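So you can see what is in the structure, the chains are spelled out below.
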2 protein chains.
Amino acid sequence: MVANPRRKRTAARRGEAAPAQDARVARREKRRVAILDAALEQFAARGFAATRLDDVARRARIAKGTIYLYFRDKESLFQELVRTMLSPLVGTIEAAPLSEVPIRAVVEMIVDVFVREIYGTRRKDVIRLIISEGPRFPKLADIYYREVIARVLPVIRARLSLAVKRGELSSDALARFPQLLVAPALVAIIWNGLFGRMAPLDIGELMRAHLELLFGERGAT
Amino acid sequence: MVANPRRKRTAARRGEAAPAQDARVARREKRRVAILDAALEQFAARGFAATRLDDVARRARIAKGTIYLYFRDKESLFQELVRTMLSPLVGTIEAAPLSEVPIRAVVEMIVDVFVREIYGTRRKDVIRLIISEGPRFPKLADIYYREVIARVLPVIRARLSLAVKRGELSSDALARFPQLLVAPALVAIIWNGLFGRMAPLDIGELMRAHLELLFGERGAT
DNA sequence: ATATTATGACTGACCAGTCAGTCATTTTTG
DNA sequence: CAAAAATGACTGACTGGTCAGTCATAATAT
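Report follows, based on the coordinates. All figures in this text were calculated on a predicted structure; none of them were measured in a lab.

## Comments concerning the packing of helix α6 (residues 103–119) of chain A against helix α10 (residues 179–195) of chain A
Residues and elements named next belong to chain A.
Part 1 of the argument: Close contact between α6 and α10 brings their axes to 10 Å; oriented N to C, the two are set at 20°. In terms of axis orientation, α6 runs roughly parallel to α10. For the pair α6 and α10, the crossing hand works out as right-handed. Seen from α6, the contacting residues are Val-107, Ile-110, Val-111, Phe-114, Ile-118 and Tyr-119; seen from α10, they are Leu-181, Val-182, Ala-185, Leu-186, Ala-188, Ile-189 and Asn-192.
Part 2 of the argument: Residue classes in the contact of α6 with α10 are distributed as twelve nonpolar, one polar and no charged.

## Comments concerning the relation of the copies chain A and chain B
Part 1 of the argument: Superposing chain A onto chain B takes a rotation of 180° combined with a translation of 0.0 Å along the rotation axis, leaving an RMSD of 0.1 Å. Such a turn and shift between the copies fits a two-fold axis. Minimal C-alpha distance to the rotation axis in chain A is attained by Ser132(A), lying at 2.1 Å.
Part 2 of the argument: When you check the interface residues of chain A against chain B, 100% turn up at the interface there too, and the contact is symmetric in its surfaces.

## Points about unusual backbone geometry
Only a minority of non-glycine residues have a phi that is not negative, and only a minority of peptide bonds are not trans.
Residue and element names in this part refer to chain A.
Part 1 of the argument: Despite not being glycine, Arg-61 has its phi angle at roughly 60°, a positive value.
Part 2 of the argument: Inspection of the secondary structure puts Arg-61 in the loop between α3 (53–60) and α4 (64–70).
Part 3 of the argument: The exposure class assigned to Arg-61 is exposed, which follows from its relative accessible area of 73%.

## Re the side chain of Asp125(B)
Part 1 of the argument: For Asp125(B), the location among the structural elements is in helix α7 (residues 123–133).
Part 2 of the argument: In contact with Asp125(B), not counting residues within four places along its chain, are Leu40(B) and Ala44(B).

## Notes on the environment of Ala60(B)
Residues and elements named next belong to chain B.
Part 1 of the argument: When you line up the elements, Ala-60 lands in helix α3 (residues 53–60).
Part 2 of the argument: Judged by its relative accessible area of 12%, Ala-60 is buried.
Part 3 of the argument: C-alpha separation for the pair Ala-60 and Val-33, spaced 27 residues apart in sequence, amounts to 9.1 Å.
Part 4 of the argument: If sequence neighbours within four positions are ignored, Ala-60 has contacts with Ala-34, Ile-35 and Ala-38.

Cut-off values and rules
Residues numbered from 1 in each chain as written. Chains lettered and ligands numbered in written order. Predicted model: local features only at pLDDT ≥ 70, side-chain atom pairs only at ≥ 80, totals over all residues. Heavy atoms only, no water. Axes fitted to C-alpha atoms, helices over the stretch in contact; angles between N-to-C directions. Helix = DSSP H or I, 4+ residues; strand = E, 2+ residues; numbered from the N terminus. Parallel < 35°, antiparallel > 145°, perpendicular 65-115°, else oblique. Left-handed = near helix turned anticlockwise from the far one by under 90°. Contact = heavy atoms within 4.5 Å. Nonpolar A, V, L, I, M, F, W, Y, C, P; charged D, E, K, R; others polar. Least-squares fit on C-alpha atoms with pLDDT ≥ 70 in both. Buried < 20%, exposed > 50% of the residue type's maximum accessible area, 1.4 Å probe, protein only.

So, in structure tokens, the structure goes:
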């Protein structure tokens, strides 16, 4: 799109952003979110292949054709969904108080972010989707790795290595495999997705037990 | 199937198991396995919904209609696959030398079974399938829970509780959440399924590090 | 000859993606 | 200012293709 001279003139004359234009943009964004919302619901409930875009459209209260005005195709919609839901979270870890805090507090903070911001929100459904569909959509696994894992993991690993050097940790096991830190939380997501009906797993207690194994008895709660 | 009178007569007359009959049974079983094999390959590669029974048939070198002589429908085939692959494994744990062995050896044995018998075989694909498709097939999650989890978990939990009572373990965290024991192995399966191309995770090293965190430095290897 | 097993063409349901047409809103013209 | 023209967001019927499951027929075994 080329800049429109008409628009410029109007905005200049009134000394404000063109209101009609802004309303359009806002409306467009609202629709986009509505589609993504509906898509998450359907993909989470039925998986990628079994989700019908007719249903997504119905949930979003639009016609099916409209989806194609916002997303290239079903797979793009799926990818955008993952990107939109997870990318914002990365900042939280990247910007966190780094090395000024004792390692136990750092670890508890990471675990807490995971439990509250993922397990406690619809993001857990996105994680489930990545686990389920990722192997069949290399592009999806790629996006997730590049935009989340590759940005968060090194930060955490660096802090853990520092803790080893400082003598805060007696073993370098965690620094070498930071995955060990969140593995139980991931398992809780999976477990409750599968067996929540018959044997729900209390993620709070689970992670408390996990930290107990890592650091020994009770810490600040 | 009702007992076949012809078979009885033949066996009696010849004083041996009816050979023709046995050949039939064997042939039938071989076909069944061929179908299950092909199905595992396809389901693992494409997921339940995207797998075509035409492809399964081609892989098994039979016609599509033949599948329906061995399995009621696509979903039954899927369920039978899971049952057939995992049930045999349960015996291994159930029959293992229980409380005569020190707890660390018990734990290492459990981890080892997991790594060798699941991660090291096509059973890991079955686990992946359960994780991926389970939420959409409650019947599948049910089967897996009843036939595997519900039989293995109590045994392991009991042994861990005993270890706590005996003073072999200083914390009851593991006894309360035996899931913590295998969580890293599960994460390794998932991780390598998603990111194996760009950042493979060495499950041997991972589990060694895990045990190090649970028990402190090196044990018997 | 009969029963059992296997085949693969066929059917009907299903669904992603398209596109010609509608309509509300905005811009231009007189 | 009102009428006319332009815009572009939105719709939903339609198409082409896919695939689970069936069944009449054929091959094989007894």
